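# Reading the structure
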Amino acid sequence: MAALLLSSALHHFLLGCFIVISLVLALIGIFILFAIVFASKYLIFYLKEITFKDQRPPIAGPVLSQLKHFNRLFDYQTSLAQKNSTYRLIAPGHSEIYTADPVIVEYILRTNFSNYGKGPYHSGIMRDLFGDGIFAVDGDKWRHQRRLASYEFSTKVLRDFSSAVFRANATKLVAEVTAAATTLQIIDLQDMVMKSTLDSIFKVGFGVDLNTLSGTDNFGSSFAKAFDDSNVIVYWRYVDLLWKIKRFLNLGLEASLKKNIKIIDDFIYKLIGRKREQMENKKLEGGKGDILSRFLMESEKDPENMTDQYLRDITLNFIIAGRDTSANTLTWFFYMLCKYPTLQEKAALEVRDVAQVEGRKLSSIEFSDLLTEESLDKMQYLHAALTETLRLYPAVPVDGKSAAEDDILPDGLRVKKGDGLNYMSYAMGRMTYIWGEDAEEFRPDRWLENGVFQPQSAFKFTAFQAGPRICLGKEFAYRQMKILAASLLFFFRFKLVDEEKQATYRTMFTLHMDQGLPLYAIPRQQ
């Protein structure tokens, strides 16, 4: 009897193994067949595009060529733009056009703005992370979020409140750097400013004290890591033609993305729930009507459209804008000042002169009180140095649009409906035909005339976009960066741990420095 049962069990086991193996082989066969069909269609389309010129932008290769250069993608795009200011890469079924021509940038961002939105291609890639937030949508949803955000950023209440928050967090940042400097510890300045700007946007945007800089909120740090990793993975989709299949099968990076997005969603939904509870109990912190509160009040008027999912998307996009752009710029700013020590001293001297300390020894709190709107406006060289950093290291290195209809660009090149049209801020900052022979040199004085900052065309300096979608938080970002930069320069001189090492970036939507920014902070003698 036992032998019979054992034989039956073995039979069922082998049968099960056979079925599983058969299914696996079938799936592999389907996958290979799909890949062959897909590759064949792609090859036919590519050959067709090469054969028929018809005033189309010159072809620099297939989109897949970016896969080989992904870790240095923005430099690869720059090298292509140096050969042709506008070129295209062939993707399955459409072309991705890239431009570093300010005339074309103005055309797509302003002149024919209505024809160049995010489009289904870019939105489809971005949606899992960015959802229906302002950076990933067009039409009514974009206009709705733009209108509400525009009102918020124009209020004196938000300007005054945000300045107070920036000064308070600058004081905390100085304290953290001081603790490391007194014991000659190496600091990762990128990590520190990332935490500081995250704390600031949560306080200003959502009325929440996150305290990631002090290390008392590990959940905030987990959220930040999950978001950064998701940012990289979603950007990888632009060179991974099989990402939709991997997402469906929950494989590889797409499986990691799903886990990260759960961390992000749990964090954001908890924030929304907490804020809604505060509003219902009339216990808003400090009585401040923060940005999230405004959107929640709007959701009460239109609960059908402004769901918690929509609020999540809006909130996450504000976090991206408030944290990544300023923190990334400050990271590259201090990196460049370490590479050019004389310029670091020039910026620090201006800060001291404007502050008019006259030999007094100040605490970080006393110094932060001196950073008024009037004093910040006088820091023209600091403003120029930050702008020069953004020219070479824009927070968003490439921004993608999509053509809604066939079109002809100002230089006569034809665009087909569904084509992507990407303007390359990173590459534009390095083009000699835009900035002169010293385009790749870090030279803040190029922005100054008789010591006064002189802005350039937003279609030439595209760090904040331009046209109807120009960044609403531009002045907000400058204010935060100047307060943090001035505070650090007043109290410390910075030196790279490895002066021979060249910093690189992580290829993602924002220009995040890879492996952080390890520095020595040397206290200045006041």
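Everything discussed here concerns the structure shown above.
Structure report, in brief. (Residues numbered from 1 in each chain as written. Predicted model: local features only at pLDDT ≥ 70, side-chain atom pairs only at ≥ 80, totals over all residues. Heavy atoms only, no water.)

## Here's the deal with the overall build of the protein
This is how the line gets drawn: Helix numbering and strand numbering both begin at the N terminus, where a helix is a DSSP run of H or I of at least 4 residues and a strand a DSSP run of E of at least 2. Categorising residues by exposure relies on relative accessible area from a 1.4 Å probe, with only protein chains included: less than 20% of the type maximum marks a residue as buried, more than 50% marks it as exposed, and the intermediate range marks it as partly exposed. Pairs of residues are marked as contacts when any of their non-hydrogen atoms sit within 4.5 Å. Surface accessibility follows the Shrake-Rupley procedure with a 1.4 Å probe radius. Residue values consider only the protein chains on display as shielding.
Along the protein, the regular secondary structure elements total 20 helices and 15 strands. Counting all 526 residues of the protein, 52% fall into the buried class. Sequence separation of at least 24 residues holds for 76% of the intrachain contacts in the protein that already meet a minimum separation of 6. In the structure as shown, the protein presents an accessible area of about 24300 Å², 59% of it carried by carbon and sulfur atoms.

## A look at the pairing of strand β3 (residues 94-99)
Just so we agree on the cut-off: In this description, strands pair whenever DSSP reports at least two bridges between them.
Among the six residues that make up β3, six are buried, leaving the element largely enclosed by the rest of the structure. What you see with β3 is no split at all: H94, E96 and Y98 on one side and S95, I97 and T99 on the other are buried throughout. As paired elements, strand β2 (residues 86-91) and β3 share six bridges and run antiparallel to each other. What sits directly across from R88, in β3, is I97. Counting the residues between successive antiparallel strands, the hairpin from β2 to β3 contains two residues, one of them, G93, with a positive phi of roughly 90°.

## Regarding a nonpolar patch on the surface
To keep it simple, the criterion reads: Patches draw on residues past 30% relative accessible area with no salt bridge. Two like charges within 9 Å are joined, as are two nonpolar side chains (Val, Leu, Ile, Met, Phe, Trp, Tyr) within 5 Å. What counts as a salt bridge is simple: a side-chain nitrogen of Lys or Arg found within 4 Å of a carboxyl oxygen of Asp or Glu.
Together, I186, V497 and Y520 line one region of the surface with nonpolar side chains, adding up to about 240 Å² of accessible area. Owing to a relative accessible area of 33%, V497 belongs among the partly exposed residues under this scheme.

## A closer look at helix α17 (residues 380-392)
Here is the rule we go by: To estimate how far a helix should extend, the number of its residues minus one is multiplied by 1.5 Å.
For α17, built from 13 residues, the straight-helix expectation of 18 Å at 1.5 Å per residue is met to within 8% by its first-to-last C-alpha distance of 19 Å. Among the 13 residues that make up α17, 13 are buried, leaving the element largely enclosed by the rest of the structure.

## Let's talk about the pattern of salt bridges
It is possible for side chains of opposite charge to pair when their charged atoms get near one another. Tallied over the full model, the rule gives 32 salt bridges. Between R127 and D132 there is a salt bridge, with its nearest N and O atoms 2.4 Å apart. With relative accessibility at 37%, the residue R127 sits in the partly exposed group. Through salt bridges with shared partners, a single network forms among E388, R391, D438, R443 and R446.

## Some details on the side chain of S299
Positionally, S299 belongs in helix α12 (residues 291-301). Take S299: its relative accessible area is 7%, and that puts it in the buried class.

## Some words on the packing of helix α5 (residues 119-130) against helix α13 (residues 308-339)
Cut-off, in case you're wondering: With axes taken as lines fitted to C-alpha atoms, and helix axes fitted only over the stretch in contact, angles between N-to-C directions fall between 0 and 180 degrees. Any angle from 65 to 115 degrees is called roughly perpendicular, while one under 35 is roughly parallel, one over 145 is roughly antiparallel, and all others are oblique. Note that Gly is not counted as nonpolar here; it falls among the polar residues with everything else outside the nonpolar set of Ala, Val, Leu, Ile, Met, Phe, Trp, Tyr, Cys and Pro and the charged set of Asp, Glu, Lys and Arg.
Orientation of α5 relative to α13, taken along the N-to-C sense of each, is 95°, at an axis distance of 10 Å. The orientation of α5 relative to α13 falls into the category roughly perpendicular. When α5 is examined against α13, the residues D128, L129 and F130 are found in contact with a partner set consisting of R312, D313, L316, N317 and I320. Looking at the contact of α5 with α13 residue by residue, the classes come out as four nonpolar, one polar and three charged.

## Overview of helix α8 (residues 189-206)
Rule in force here: Think of a polar contact as two N or O atoms within 3.5 Å of one another; within protein, one of them needs to be a possible hydrogen donor and the other a possible acceptor, and neighboring residues in sequence only count if both atoms come from side chains.
For α8, spanning 18 residues, the distance from its first C-alpha to its last is 25 Å, which sits close to the expected 26 Å at 1.5 Å a residue. Across the 18 residues that make up α8, a large majority, 16, are buried. Where α8 starts, the residue carrying a side-chain oxygen 3.2 Å from the main-chain nitrogen of Q190 turns out to be D188.

## Notes on the sheet that holds strand β5 (residues 187-188)
The pairing of strands in a sheet happens through backbone hydrogen bonds and is either parallel or antiparallel. As summarised here, the arrangement of the three strands in space is β5-β15-β12, forming an open sheet in which the pairing is antiparallel. This sheet does not close on itself; its edge strands, each paired only once, are β5 and β12 (492-496). Bridging between β12 and strand β15 (residues 518-523) involves five bridges; their strand directions are antiparallel. Opposite L496, over in β15, you have L519 as the bridge partner.

## A short note on the packing of α12 against α13
The condition that has to hold: Should the near helix be turned counterclockwise from the far one by less than a right angle, the crossing is left-handed, whereas a clockwise turn marks it as right-handed.
The contact between α12 and α13 brings their axes to 11 Å, and the two run at 160°. In this view, α12 runs roughly antiparallel relative to α13, as classed from their interaxial angle. For α12 against α13, the interelement crossing comes out right-handed. Side by side, α12 and α13 meet where I291, L292, F295, L296 and S299 of the first sit next to L311, I314, T315 and F318 of the second. Here the contact of α12 with α13 is built from residues that sort into seven nonpolar, two polar and no charged.

## Topic: the nonpolar core
Here is the rule we go by: Grouping buried Ala, Val, Leu, Ile, Met, Phe, Trp, Tyr and Cys residues that are joined through side-chain atoms within 4.5 Å yields what is termed a nonpolar core.
Counting residues in each nonpolar core, the largest one holds 154 residues, and the members touching the most others are F202, F334 and F494. Sort the elements by how many residues they give to this core and α13 lands first, with 16 residues. Setting aside chain neighbours within four positions, we find F334 in contact with L189, A485, L488, L489, F494 and L517.

## A few points about unusual backbone geometry
Residue L184 is not a glycine yet carries a positive backbone phi of 60°. In this structure, L184 sits in the loop between α7 (156-181) and β5. A positive phi angle, close to 60°, is found at Q465, a residue other than glycine. The topology assignment puts Q465 in the loop between β11 (452-453) and α20 (474-491). For Q465, a relative accessible area of 18% translates into the label buried.

## Brief notes about the pairing of strand β6 (residues 398-403)
In terms of burial, β6 is a largely internal element, six of the six residues being buried. Burial of β6 is two-sided: the residues V398, G400 and S402 facing one way and the residues D399, K401 and A403 facing the other way are all buried. Direction of pairing for strand β4 (residues 116-117) relative to β6: antiparallel, over a ladder of two bridges. Its bridge partner being in β6, G117 is matched across the sheet by S402. Pairing geometry for β6 and strand β9 (residues 420-424), over five bridges, is antiparallel. Residue pairing across strands places S402 opposite G420, the latter belonging to β9.

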